[in-house]
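Structural description and commentary
Here is how the chains run, residue by residue.
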Amino acid sequence: MFEYRHATFAEVEAIFTLINDFAAEGLMLPKSYSTLYEILPEFVVAVEVESGKVAGCGALHCTWAELAEIRSLAVSKDFQRRGIGGEIVKRLLEDGKRLGVKKFFTLTYNTPFFASVGFQIVEKETLPQKIWRECIDCPKFSKCDEIAMILQ
């Protein structure tokens with residue numbers, strides 16, 4: 001059984017490890033501790049009730065009027081294939097809808113998962129330039145291979 005809730009400072013270490021372990025495999029982009037502390041309110045975590053272990057995480061980042069990104073979605077390999085990622089996305093979408101978000105996007109390598117929760121592949125160029133503000137610091141900026149997907 002899992003508890004889904006907004007992350008706290010107590011989970012930063014687990015979120016850091018989860019994200020950066022996948023980043024080391026080239027499956028997502030890394031995050032620093034300072035970045036995680038700055039964006040901590042954006043995160044939802046799945047915590048295994050019995051052990052207290054963070055099984056997964058994901059963030060909702062508002063980028064422009066009525067537009068938000070689902071990002072940093074990761075589920076521990078020990079807990080995959082249990083619906084955790086889908087439930088985290090569901091909670092992030094609910095948070096966004098409460099804020100008035102009308103369009104959600106993600107930049108991902110895992111298109112089958114995001115398609116399974118309703119996202120569709122789009123050309124990156126169709127997204128507003130405002131979303132690329134953070135990309136300028138990315139090591140893959142000049143050769144980005146992530147796939148853009150949206151949910152309206």
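As a reminder, the structure under discussion sits directly above these lines.
Residues numbered from 1 in each chain as written. Predicted model: local features only at pLDDT ≥ 70, side-chain atom pairs only at ≥ 80, totals over all residues. Heavy atoms only, no water.

Time to look at the overall build of the protein. When helices and strands are tallied, the protein shows 4 helices and 7 strands. Taken over 152 residues, the protein has a buried fraction of 47%. Surface accessibility of the protein: about 8,600 Å² in total, with carbon and sulfur atoms responsible for 54%. In the protein, 18 side chains carry a positive charge and 21 a negative one; their mean positions are 4 Å apart. (Helix = DSSP H or I, 4+ residues; strand = E, 2+ residues; numbered from the N terminus. Buried < 20%, exposed > 50% of the residue type's maximum accessible area, 1.4 Å probe, protein only. Areas by Shrake-Rupley, 256 points an atom, 1.4 Å probe, with all protein chains shown as cover. Lys, Arg positive; Asp, Glu negative; His and termini not counted. Charge placed at Lys NZ, Arg CZ, Asp CG, Glu CD.)

The buried count for strand β7 (residues 147-151) comes to 4 of 5 residues, which makes it a mostly enclosed element. In this sheet, β7 lies alongside strand β6 (residues 120-122) in antiparallel orientation, the contact comprising 3 bridges. Opposite I121, over in β7, you have M149 as the bridge partner. (Pairing = 2+ DSSP bridges.)

We now examine the packing of aromatic side chains. Throughout the structure, instances matching the rule amount to 5 aromatic pairs. Measuring from ring centre to ring centre gives 5.1 Å for F113 and F114, while their planes differ by 80 degrees; the resulting arrangement is edge-to-face. Look at F113 and you get partly exposed, because its relative accessible area is 22%. Exposure remark for F114: the relative accessible area of 5% places this residue in the buried category. Seen in terms of ring centroids, F114 and F119 are 5.3 Å apart; in terms of plane orientation they differ by 80 degrees. Their pairing is edge-to-face. Feature note: the residues F113, F114 and F119 constitute an aromatic cluster, connected by ring pairs. (Phe/Tyr/Trp six-rings, centres within 6.5 Å; stacked < 30°, edge-to-face > 60°.)

Read these as geometric descriptors, not functional statements.
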